[in-house]
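Here's the letter readout for the chains.
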Amino acid sequence: MLPISKRLQTIVSMVPKCNTVADIGTDHGYVPAFLLLSGQCRHAIASDIAEGPCRSAADTRDRHNLHRVMEVRKAPGLKGLSPGEAETVVIAGMGGATIAAILEESLPLAKTVETFVLQPMNGAGMLRLWLIDHGLGIADEQLCKENGHIYVIIKAVQTTEKQELTDLQAEVGPCVLANKPFLWKEYVSEKAGRLQGLLTQMRGSPAAQNSDKYKTAEKMLARLETLLSSSP
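Keep in mind it's a predicted model, so treat the numbers as computed, not measured.

Quick notes on the overall build of the protein chain
Item 1. When you go through the protein chain residue by residue, the secondary structure sums to 11 helices and 7 strands.
Item 2. On C-alpha atoms alone, the protein chain measures out to a radius of gyration of 19 Å, which is about the 17 Å that the 2.2 N^0.38 rule sets for 232 residues.
Item 3. By its C-alpha atoms, the protein chain is 60 × 35 × 30 Å across when sized along the principal axes.
Item 4. Relative to its full complement of 232 residues, the protein chain shows a buried share of 51%.
Item 5. Partitioning the intrachain contacts of the protein chain with sequence separation of at least 6 by distance along the chain shows that 67% fall at a separation of at least 24.

Thoughts on the pairing of strand β4 (residues 88-94)
Item 1. Along β4, 6 of the 7 residues are buried, which leaves the element largely enclosed by surrounding structure.
Item 2. Of the pairings in the sheet, the one linking strand β1 (residues 18-24) to β4 comprises 4 bridges and is parallel in character. Each residue of the ladder has a partner; that of A22, found in β4, is V89.
Item 3. Here 6 bridges tie β4 to strand β5 (residues 115-120), and the two strands are oriented parallel to one another. Along β5, the bridge assignment pairs T88 with T115.

Section: the environment of M70
Item 1. Within the element layout of this structure, M70 appears in strand β3 (residues 70-74).
Item 2. Judged by its relative accessible area of 1%, M70 falls in the buried class.
Item 3. When sequence neighbours within four positions are dropped, the list of residues in contact with M70 reads G29, P32, A33, L36, A44, A46, A57 and R61.

Brief notes about helix α9 (residues 184-202)
Item 1. Given a rise of 1.5 Å per residue, 19 residues ought to cover 27 Å, and the 27 Å separating the end C-alpha atoms of α9 matches this to within 8%.
Item 2. Of the residues making up α9, those classed as buried are W184, Y187, V188, K191, A192, L195, L199 and M202. Seen end-on, α9 carries its buried residues on one side only, within an arc spanning 135 degrees.

A word on the packing of α9 against helix α11 (residues 212-230)
Packed helices, taken two at a time, are described by the angle their axes make and the gap between the axes.
Item 1. Closest axis-to-axis distance for the α9/α11 pair is 9 Å, and the angle between their directions is 150 degrees. Overall, the two elements α9 and α11 adopt an arrangement that is roughly antiparallel. Considering the relative orientation of α9 and α11, their crossing is left-handed. Between α9 and α11, the residues in contact are W184, K185, V188, S189, K191, A192, L195, Q196, L198, L199 and M202 and K213, Y214, A217, E218, M220, L221, L224, E225, L227 and L228, respectively.
Item 2. Looking at the contact of α9 with α11 residue by residue, the classes come out as 14 nonpolar, 2 polar and 5 charged.

Focus on helix α2 (residues 30-37)
Item 1. Among the 8 residues that make up α2, 6 are buried, leaving the element largely enclosed by the rest of the structure.
Item 2. For α2, the complete set of buried residues consists of V31, P32, A33, F34, L35 and L36.
Item 3. Against the buried residues of α2 lie α1 (6-13), β1, β2 (41-48), α3 (51-63), β3 and β4.
Item 4. Two residues or fewer past α2, G39 is found with a positive phi of approximately 85 degrees.

Considerations on the nonpolar core
Item 1. Counting 52 residues, the largest nonpolar core has L78, V89, I91, F116 and L131 as the members making the most contacts within it.
Item 2. The biggest single contributor to this core is α9, with 7 residues.
Item 3. In contact with L78, not counting residues within four places along its chain, are I24, V89, I102, L103, S106, L109 and A110.
Item 4. Counting 26 residues, the second largest nonpolar core, distinct from the first, contains V15, C41, V117 and C144.

Rules of the game
Residues numbered from 1 in each chain as written. Predicted model: local features only at pLDDT ≥ 70, side-chain atom pairs only at ≥ 80, totals over all residues. Heavy atoms only, no water. Helix = DSSP H or I, 4+ residues; strand = E, 2+ residues; numbered from the N terminus. Rg over C-alpha atoms; globule rule 2.2 N^0.38 Å. Buried < 20%, exposed > 50% of the residue type's maximum accessible area, 1.4 Å probe, protein only. Contact = heavy atoms within 4.5 Å. Pairing = 2+ DSSP bridges. Expected span 1.5 Å × (residues − 1). Arc of directions from axis to C-beta. Axes fitted to C-alpha atoms, helices over the stretch in contact; angles between N-to-C directions. Parallel < 35°, antiparallel > 145°, perpendicular 65-115°, else oblique. Left-handed = near helix turned anticlockwise from the far one by under 90°. Nonpolar A, V, L, I, M, F, W, Y, C, P; charged D, E, K, R; others polar. Core = buried A, V, L, I, M, F, W, Y, C linked by side-chain atoms within 4.5 Å.

So, in structure tokens, the structure goes:
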């Protein structure tokens, strides 16, 4: 079996069994190759905007004799896919704003995808709100730690019922708050630490300290600290 990192292991564990999976921004093509080798998916599309990652993904495909079931396509975002071609789409290792922009620019196609497995490097709160506003529900969230950093992986599915998120749910994740998976306290503590650092920096400027951004960050920090102190 193809050895993959803890982060990628968590990502592939959240991909449902399906006929076709597409990995957008595939890099070395490890995720689609693993999903094929493990039997989770029957067919995979590895897509990337750059030539180098496409070559690396092709090398991974060739090394594991996946020529018949794994395609490598050079394309930006979802542009290399046809509507309804992939039931599941994985987008990992990008900022939350970038992931949202990729989905936004191909919205009609995105509506034909049953499940998205998304791993934002930052901006997870903004991404969650975008998903909810565009007809997707957050079905699951998992945390993993790799090289000292905690990552959140979000599974989003098409739904006819709009989810409502509080500010705290958007920031931390509704499933993280509900299920409190391993690492959740460390994940929330990291968020609180970053907000504390931002507030400390902003206190150097009276204008910044009186801004809406400061007040919003201050309120969120208080909520995170309450969450941490009220949980055993």
